Amino acid sequence: IYSVTEDNRFQFIAYNSTLEKLTGVDRDLLIGRFLDEFSEENTRVVLEQCRTCLAKRVPVSFEQEYRLFDRHWFLQTTLIPVRDAYGRIYRLVSISHDISERKQIEKERQAYLHFLESLDQVNRTMQSTHDLDQMMSDVLEVVLTIFDCDRAGLVYPCDPEAVSWQ
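Cut-offs and rules
Residues numbered from 1 in each chain as written. Predicted model: local features only at pLDDT ≥ 70, side-chain atom pairs only at ≥ 80, totals over all residues. Heavy atoms only, no water. Helix = DSSP H or I, 4+ residues; strand = E, 2+ residues; numbered from the N terminus. Buried < 20%, exposed > 50% of the residue type's maximum accessible area, 1.4 Å probe, protein only. Areas by Shrake-Rupley, 256 points an atom, 1.4 Å probe, with all protein chains shown as cover. Phe/Tyr/Trp six-rings, centres within 6.5 Å; stacked < 30°, edge-to-face > 60°. Lys NZ or Arg CZ within 6 Å of the ring centre and 35° of its normal. Expected span 1.5 Å × (residues − 1). Contact = heavy atoms within 4.5 Å. Polar contact = N/O pair within 3.5 Å; in protein donor to acceptor, adjacent residues only side chain to side chain.

Caption draft 1: The arrangement of the overall build of the protein chain in detail. The helix and strand inventory of the protein chain stands at 5 helices and 5 strands. Starting at the N terminus and walking to the C terminus, you meet the elements of the protein chain as β-β-α-α-α-β-β-β-α-α. Its C-alpha atoms put the protein chain at 85 × 30 × 25 Å along the principal axes. Looking at the protein chain residue by residue over its 166 residues, the buried ones come to 30%. When the accessible area of the protein chain is evaluated, it comes to approximately 11,600 Å², of which 53% is carbon and sulfur surface.

Caption draft 2: Molecular detail of the packing of aromatic side chains. Throughout the structure, instances matching the rule amount to 5 aromatic pairs. Relative to F38, the ring of F12 lies with its centre 6.2 Å away and its plane at 85°, an arrangement referred to as edge-to-face. Residue F12 is located in strand β2 (residues 10–12), and its partner F38 is located in the loop between α2 (27–30) and α3 (41–56); the two are separated by 26 residues in the primary sequence. A single burial state applies to F12 and to F38, both of which are buried. Site record: aromatic cluster; members linked through ring pairs are Y2, F12, Y15 and F38. Above the plane of the ring of F34 lies R9, whose end atom (NZ or CZ) is 3.9 Å from the centre.

Caption draft 3: Local environment of helix α5 (residues 132–146). In a regular helix each residue adds 1.5 Å, so 15 residues correspond to 21 Å; α5 covers 21 Å between its end C-alpha atoms and thus fits that length. Those residues of α5 hidden inside the fold are in contact with α4 (100–127). Of the residues that open α5, the one with a side-chain oxygen 3.2 Å from the backbone nitrogen of D133 is D131.

Structural data, given as structure tokens:
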């Protein structure tokens with residue numbers, strides 16, 4: 001929970017133990033300090049989102065990757081403005097969910113889709129010509145783009161008993 005000061009700064013007033021365990025940051029290091037006192041990229045993004053929430057006067061949600069010490073995780077956070085009797089926003093409540101596992105699964109799914117698309121691309125290239133030398137050249141060009149590299153080689157045929165290899 002952040003207290004919003006008269007000059008629109010955001011001061012930590014509460015930080016739960018679950019987040020403390022996840023981040024490895026002791027709450028005593030944060031309580032009473034202002035968000036803009038920290039120079040880490042993680043904090044800068046949160047500060048921008050707090051300012052957006054304050055300006056728009058509505059809840060703001062965002063996902064963010066965090067790296068701190070030897071830890072790495074993803075959080076989905078919603079900032080909720082709290083108003084006093086006069087309508088002034090005096091608190092921002094931050095609710096975060098650890099979505100690291102979901103992000104890892106999505107990353108693996110994307111890698112698998114890339115693999116399948118790559119196989120399809122190679123297959124289509126192989127079927128595009130009956131000239132073996134042209135096909136091998138075209139397949140190597142596709143392999144270069146798939147693996148984002150500048151060189152690829154292929155020795156064929158794969159039969160060790162073959163009279164010659166290319």
